[in-house]
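# Fold and geometry: a report
What follows is the residue order along each chain.
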Amino acid sequence: MVITHTTSGKRGALTVDSHQQESDPIDGLKPSDHCAVVGYRGGDQAYPVLLVSLKTLQHRGQESAGIATFVNSTINVRKGMGLVSEVFNDKLSDSDSYLSGNVGIGHTRYSTAGTKTMENAGPFLVSNSLGHIAVSHNGEITNADALREEMMRMGLTFLTSSDTEVLLMELARDITTYGIQNGIKIAMDRLKGAYAVTMMINDRLFAIRDPLGIRPLVMGNFGDNFIVASETCALDILGATKIRDVKPGEAVEITERGPETIFVRPAPRTAHCMFEYVYFARPDSVIDNVEVFGSRINLGKELAREHPVEADVVIPVPDSGRAQALGFSMESHIPYSEGLIKNRFSDRTFIMPTQDARKKAIVLKLNTIKSELQGKRVVLVDDSIVRGNTMKHIVALLRNAGAVEVHVRIGSPPIVAPCYFGVDMKTRDQFLASGKDMEEIRKEIGSDSLGYVSIQGLVRSIEKNENSLCLGCLTGNYPAPTPEKAKTPRQKELESFSS
Ligand code: SF4
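A brief structural summary.

What counts, and at which threshold
All chains use their own residue numbering, which begins from 1 and follows the written sequence. With pLDDT at 70 or above as the cut-off, local features in this predicted model cover only qualifying residues; side-chain atom pairs require 80 or more to be listed or tallied, and sums for whole chains, interfaces and linings still use all residues. Only hydrogens and water are set aside; all other atoms, that is, all heavy atoms of the structure, feed into the side-chain values. Take the buried residues of types Ala, Val, Leu, Ile, Met, Phe, Trp, Tyr and Cys, join any two whose side-chain atoms come within 4.5 Å, and each joined set is a nonpolar core. Only protein chains enter the accessibility calculation, which uses a 1.4 Å probe; a residue whose area is less than 20% of its type maximum is buried, one above 50% is exposed, and one in between is partly exposed. Where a domain begins and ends is set by an automatic assignment or by a domain database. The pairing criterion is simple: DSSP has to find at least two bridges between the two strands. In this text, helices come from DSSP runs of H or I with a minimum length of four residues, and strands from runs of E with a minimum of two, each type numbered from the N-terminal end. To get an axis, fit a line to the C-alpha atoms, keeping to the stretch in contact for a helix; angles then go from 0 to 180 degrees between the N-to-C directions. What makes two residues a contact is simply this: any of their non-hydrogen atoms within 4.5 Å. Any N or O atom pair separated by 3.5 Å or less is treated as a polar contact, with the protein-specific requirement of one donor-capable and one acceptor-capable atom, and with residues adjacent in sequence counted only for side-chain atom pairs. When charges are counted, Lys and Arg are positive and Asp and Glu negative, with His and the chain ends excluded. Should a side-chain nitrogen of Lys or Arg be within 4 Å of a carboxyl oxygen of Asp or Glu, the pair is scored as a salt bridge. For patch building, the residue pool is restricted to those with more than 30% relative accessible area and no salt bridge; the joining distance is 9 Å between like charges and 5 Å between nonpolar side chains (Val, Leu, Ile, Met, Phe, Trp, Tyr). Residue-level accessible areas treat just the shown protein chains as cover; the underlying method is Shrake-Rupley with a 1.4 Å probe. Working rule for angles: under 35 degrees goes down as roughly parallel, over 145 as roughly antiparallel, 65 to 115 as roughly perpendicular, anything else as oblique. Handedness of a crossing is defined here by the sense of rotation of the near helix relative to the far one, left-handed for an anticlockwise turn of less than a right angle and right-handed for a clockwise turn. We call a residue near a molecule or strand whenever a single non-hydrogen atom of that residue lies within 4 Å of it. In summary, the pairing rule links any two rings of Phe, Tyr or Trp, Trp by its six-membered ring, whose centres are within 6.5 Å, and it sorts them by plane angle into stacked for under 30 degrees, edge-to-face for over 60 and tilted for everything else. Two conditions define a charge sitting above a ring: the NZ of Lys or the CZ of Arg must be within 6 Å of the ring centre, and it must be within 35 degrees of the ring normal.

As a rule of thumb, soluble globular proteins bury nonpolar side chains together. M274, F275, F328, F421 and L458 are the most contacted members of the largest nonpolar core, which totals 44 residues. Lining this core are residues from two domains, each supplying at least three of them: domain 1 (4–268) and domain 2 (290–498). Of all hydrophobic cores here, the second largest spans 30 residues; its members include I133, L168, I175 and V197.

This is the structure in structure tokens:
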């Protein structure tokens, strides 16, 4: 079987300067999600719908963006490095013929596997005897290296370091050999890890979700137009009605009649990523039937019950801690206020090689409202701490503004282990909480007290069964095998302890 990559077309070979991953001094030290995926089929042109969807899902990846549509018996791809508005900045009109098809997929990327280069930007496309196959992928294939080696031994060539190319090549060769239904089934048996996928085979649109349902994927419609997206906020912005989530282990074809299940691969449990509810997803999204904003309010309430404190005001770290801070205030009856203001327009691409540079960046990015802090006992709420530097500087900022006490409350349990399922947390050194007790962490960030929500409190807040969530980075106990070579001695220790 000959597979030819045709990842650029007339305008697909767009050259855009490499856009560095955002090193935002406030949010840049938080874990980052892998990608957003979208897919569309309908009577209207795909491009404007996909563009709006990708812009709505920009929070899931800012490194690259791309759109593929079926036009005149081929699939055209346009992609580049940068934000959606930077890649598609020439206001391609509906009448532009290059992306004028009625079926398409789109992608925004934050790399967790593969390098940050144009070659790894999605969607990915191959051509073979079936025609053209394109995929957008959110997640991470944990056995990508083994599958790549196996396929290379069989004579296939790879052009990129991305696990998405491995996923595409696996799907392409299995579908070509065994047909669509059996081919997808066989590919799903072989692909391990996390994948929420939109796929085109010529002008046919498919949605596929891994058996654990680690990353979200939802379908909706407006009239006879059908949309698949990582989050419901993309459906809302289009005025679409949610049909349902793609089920864990399900492969769906979106036909002119709507979603038609090809099959559901049964699994004994699900493992929805708890971080989608804590931090990644937009608060206005509903993921697997749970509203993200409501979960965050619940987390704040849990925090207030688990770690009460006498204080005068509850202040969020903007913007990530806002919903949890509101929940804390509602439960504790301590007034909520804004004491930190973020400059949304400061340089997005700070290069911060040193502690000192990071500190200066935080000063440029955040300012205090002194009247809300002077002489007050402050509860400072955020959704998570990965590395402690940012929190340490924010605590110092509040004290400089006159706060007499600063009590830090975190709306998720401590992160102690890496993620292998599409989140940029790979080395244990990245985690403030790894190997430290609460008092050591409190001292490091310089607060008067510190409280994290418990794992039980987190599970209650998301209102799902513990066995339906992935809690791997909180416990070191993963719902699926992780790549052997990526394991640290501590992880092996944690895994053997918990099994
Ligand atoms: S390990 Fe953590 S971040 Fe990764 S999928 Fe599981 S819960 Fe999400």
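Moving on to the sheet that holds strand β22 (residues 405–410). Pairing between sheet strands relies on hydrogen bonds along the backbone, with the strands arranged either parallel or antiparallel. Ordered by their spatial adjacency, four strands build an open sheet running β18-β21-β22-β23, and the pairing between neighbours is parallel. A strand with exactly one partner marks an edge of an open sheet, and here the two such strands are β18 (313–316) and β23 (449–452). Taken pair by pair, the neighbouring strands of this sheet meet at an average axis angle of 25°, ignoring direction. Where β18 and strand β21 (residues 377–382) come together, four bridges link them in parallel fashion. Across the sheet, P316 pairs through a bridge with V381, a residue of β21. Here helix α9 (residues 322–332) sits on the sheet and contacts β18, β21 and β22; the angle it forms with β18, its principal contact strand, is near 165°. The sheet strands contacting helix α11 (residues 389–400) are β21 and β22, and the helix crosses β22 at an angle near 150°.

Before going further, it helps to spend a moment on the pairing of strand β4 (residues 74–81). A large share of β4 lies buried, amounting to seven of its eight residues. Where strand β3 (residues 64–71) and β4 come together, eight bridges link them in antiparallel fashion. Within the sheet, the bridge partner assigned to G66 lies in β4 and is K79.

A word on the side chain of D288. The topology assignment puts D288 in the loop between β16 (286–287) and β17 (290–291). A distance of 2.7 Å separates polar atoms of two side chains, one belonging to D288 and the other to R209. If we skip the residues at most four places from it in the chain, D288 touches R209, D245, H272, Y277 and K464.

Further remarks concern the sheet that holds β3. Pairing is antiparallel in the open sheet, where seven strands are placed in the order β4-β3-β5-β2-β11-β10-β12. A strand with exactly one partner marks an edge of an open sheet, and here the two such strands are β4 and β12 (241–245). The mean angle between the axes of side-by-side strands here comes to 15°, regardless of whether they run parallel or antiparallel.

We now examine the side chain of K79. Examined against the element boundaries, K79 turns out to sit in strand β4. Nearest to the buried, unbridged K79 among oppositely charged side chains is E165, at 9.4 Å. There is a polar contact of 2.8 Å between the side chain of K79 and the backbone oxygen of A121. In terms of polar contacts, K79 uses its side chain to reach the backbone carbonyl oxygen of P123, at 2.9 Å.

With that settled, the discussion passes to the environment of R209. Tracing the backbone through its elements, the reader meets R209 in strand β9 (residues 204–209). R209 gets classed as buried once you look at its relative accessible area, which sits at 0%. Put simply, R209 and A194 are 15 residues apart on the chain and 8.1 Å apart in space, counted from C-alpha to C-alpha. A polar atom in the side chain of R209 sits 2.8 Å from the backbone oxygen of R215.

Quick look at a nonpolar patch on the surface now. Where nonpolar side chains cluster on the molecular surface, the patch consists of F293, L326 and M330 and spans about 240 Å² of accessible area. Inspection of the secondary structure assignment puts M330 in helix α9. The class of M330 is partly exposed, set by a relative accessible area of 41%.

Moving on, we come to the packing of helix α3 (residues 144–153) against helix α4 (residues 163–178). Contact pair α3 / α4: the axes reach a minimum separation of 9 Å and the direction vectors enclose 55°. By the angle between their axes, α3 is oblique relative to α4. Relative to α4, the crossing made by α3 is left-handed. In contact with A144, L147, R148, E150 and M151 of α3, α4 contributes D163, E165, V166, M169, E170 and R173.

This part covers the site of the ligand. Within the structure, the ligand sits among I214, R215, C273, M274, F275, C419, F421, V423, M425, C470, G472 and C473. Those elements giving two or more residues to the shell around the ligand turn out to be α7 (274–280) and α14 (472–475).

So, on to the packing of aromatic side chains. The full count for this structure, using the stated rule, is six aromatic pairs. In this structure an aromatic cluster arises from ring pairing among F275, Y279 and F280. Of note, R148 hangs over the ring of F158, and the distance from its end group to the ring centre comes to 5.2 Å. When the ring centre of F263 is taken as reference, the NZ or CZ atom of K185 above it lies at 5.5 Å.

If a strand is regular, its side chains alternate between the two faces of the sheet. Alternating residues of β23 divide into S449 and G451 and L450 and Y452, and every residue in both groups is buried. Where β22 lies against β23, four bridges are found, and the strand directions are parallel. When the bridges of β23 are listed, I410 appears paired with Y452.

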